[in-house]
Amino acid sequence: MELYSTKAHNQANSKLIGDEPVWIFGYGSLIYKVDFPFIECRTGYIKGWERKFWMQSQDHRGTPEKPGRVLTIHQVNDAECFGMAYLIDPVVLKDIDHREQNGYLRQSLDVFTHCGEKLNAITYIGDPDAPVYQPESNNQKLAEQIYKSIGPSGPNTDYLFNMADALRQYNENDSHIFDIEQHVKDIQALK
Ligand code: SIN
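Since the model is a prediction, treat every value here as computed from it, not as a measurement.

*Asks:* Hey, could you run me through the pattern of salt bridges in this one?
*Replies:* Under the criterion given, the structure shown has 11 salt bridges. Arginine 51 is the partner of aspartate 174 in a salt bridge, and the nearest nitrogen-oxygen pair spans 2.8 Å. With aspartate 174 in the loop between helix H5 (156-169) and helix H6 (175-190) and arginine 51 in strand E2 (residues 40-57), this pair connects stretches of sequence that are 123 residues apart. Glutamate 100 is paired through a salt bridge with arginine 99; the nearest N and O atoms lie 3.4 Å apart. Given a relative accessible area of 10%, arginine 99 falls into the buried group. Linked through salt bridges whose partners overlap, the residues forming this network are Asp165, Arg168, Glu181 and Lys185.

Structure (structure tokens):
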């Protein structure tokens, strides 16, 4: 099976972006794994979106043959999703397009920062038409897949635990993440 990639599609959008710094918003690993240079950052949230482990990961936390699970967001009325906004030089988008190539498309969203600003930020959202977009409502099944998956970026459990720790660090609740974290810890305790 081949790696599914949205990189070329996202890079085609770069032609519309000038030389000025741009804001990006991260709601998943972009909160806790910041391996790119940025000028400023702010915590904040987006309105009407909810975080879910609905992407299969073929390149970071799994392989094309045995994919892991990573986060995307989907639209839900009245939901709010916490994350981190970073002001970056637009040349950095190339590296982030590479990192988020496995099914994510850039979309511009309004971010409400905790210091009271409204920013327009590029957000990488799983493309519902991508073969790696696979909604799953059973958290136990997601936990079992995360428990056994590993990819070039490391064990899938690291992605989950780092995400849960980052949310706790910012006093954020996310029942989807914390429930799956508990299921994985229960599986580990049985082994
Ligand atoms: C994000 O963090 O905003 C995108 C999903 C991920 O890379 O985990």
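After that view, the rundown keeps rolling.
*Asks:* How do you make sense of the state of the cysteines when you look at a structure like this?
*Replies:* The bond known as a disulfide is covalent and runs between the sulfur atoms of two cysteines. A complete count under the given rule lists zero disulfides for this structure. There is no disulfide at cysteine 115, and the cysteine sulfur nearest it, in cysteine 41, is 9.9 Å away. Cysteine 115 gets classed as exposed once you look at its relative accessible area, which sits at 54%.

*Asks:* Any chance you could explain the site of the ligand here in plain terms?
*Replies:* Near the ligand you find Gly26, Tyr27, Gly28, Ser29, Leu30, Leu71, Glu100, Tyr104 and Tyr159, and these make up its full shell. Between the ligand and serine 29, the relevant distance is 2.8 Å, taken from an oxygen atom to a main-chain nitrogen or oxygen of the residue. Here an oxygen atom of the ligand sits 2.8 Å away from a polar atom, N or O, in the side chain of glutamate 100. For the shell around the ligand, a count of residues per class yields five nonpolar, three polar and one charged.

*Asks:* Before we go on, may I ask you to explain the packing of H5 against H6 in this structure?
*Replies:* A pair of packed helices is captured by two measures, namely the crossing angle of their axes and the spacing between those axes. Between H5 and H6, the least distance of the axes is 10 Å, while the angle of their chain directions is 130°. Put simply, H5 runs oblique to H6. Where H5 crosses over H6, the two elements pack in a sense that is left-handed. In this structure, H5 contributes Thr157, Leu160, Phe161, Met163, Ala164, Leu167 and Arg168 to the contact, and H6 contributes Ile177, Phe178, Ile180, Glu181, Val184, Lys185 and Gln188. Looking at the contact of H5 with H6, its residues break down into nine nonpolar, two polar and three charged.

*Asks:* Looking at this model, I keep getting lost on H6. Mind explaining?
*Replies:* For an α-helix the count is 3.6 residues per turn, leaving residues at separations of three or four pointing the same way. Helix length check: H6, at 16 residues, gives a terminal C-alpha distance of 23 Å against a target of 22 Å (1.5 Å per residue), a fit within 8%. Looking at H6, one finds that the buried residues are His176, Ile177, Phe178, Ile180, Glu181, Val184 and Ile187. Looking at the buried positions of H6, the neighbouring elements they touch are E2, strand E3 (68-88), helix H4 (139-148) and H5.

*Asks:* What am I meant to see in the nonpolar core here?
*Replies:* General note: in soluble globular proteins, nonpolar side chains tend to be found buried as a group. By size, the foremost hydrophobic cluster in this structure holds 52 residues, and its most contacted members are Phe53, Ile88 and Ile177. Here the element with the most residues in this core is E3; it accounts for 10 residues.

*Asks:* I would appreciate a short explanation of the packing of aromatic side chains in the present structure.
*Replies:* Think of a pair of aromatic rings as described by two things: how far the centres are apart, and how the planes are tilted against each other in angle. Per the stated rule, a full pass over the model turns up seven aromatic pairs. Note on phenylalanine 53 and tyrosine 159: the rings are 5.8 Å apart at their centroids and 65° apart in plane angle, and the pair reads as edge-to-face. Here phenylalanine 53, found in strand E2, pairs with tyrosine 159, found in helix H5; they are 106 residues apart in sequence, far enough to count as distant. Here phenylalanine 53 and tyrosine 159 have matching classes, each one buried. With centroids separated by 6.4 Å and ring planes inclined at 80°, the aromatic side chains of tryptophan 54 and tyrosine 133 adopt a geometry described as edge-to-face.

Here is what the cut-offs are and how they apply
Residues numbered from 1 in each chain as written. Predicted model: local features only at pLDDT ≥ 70, side-chain atom pairs only at ≥ 80, totals over all residues. Heavy atoms only, no water. Salt bridge = Lys/Arg side-chain N within 4 Å of Asp/Glu carboxyl O. Helix = DSSP H or I, 4+ residues; strand = E, 2+ residues; numbered from the N terminus. Buried < 20%, exposed > 50% of the residue type's maximum accessible area, 1.4 Å probe, protein only. Disulfide = S-S within 2.5 Å. Near = heavy atom within 4 Å. Polar contact = N/O pair within 3.5 Å; in protein donor to acceptor, adjacent residues only side chain to side chain. Nonpolar A, V, L, I, M, F, W, Y, C, P; charged D, E, K, R; others polar. Axes fitted to C-alpha atoms, helices over the stretch in contact; angles between N-to-C directions. Parallel < 35°, antiparallel > 145°, perpendicular 65-115°, else oblique. Left-handed = near helix turned anticlockwise from the far one by under 90°. Contact = heavy atoms within 4.5 Å. Expected span 1.5 Å × (residues − 1). Core = buried A, V, L, I, M, F, W, Y, C linked by side-chain atoms within 4.5 Å. Phe/Tyr/Trp six-rings, centres within 6.5 Å; stacked < 30°, edge-to-face > 60°.

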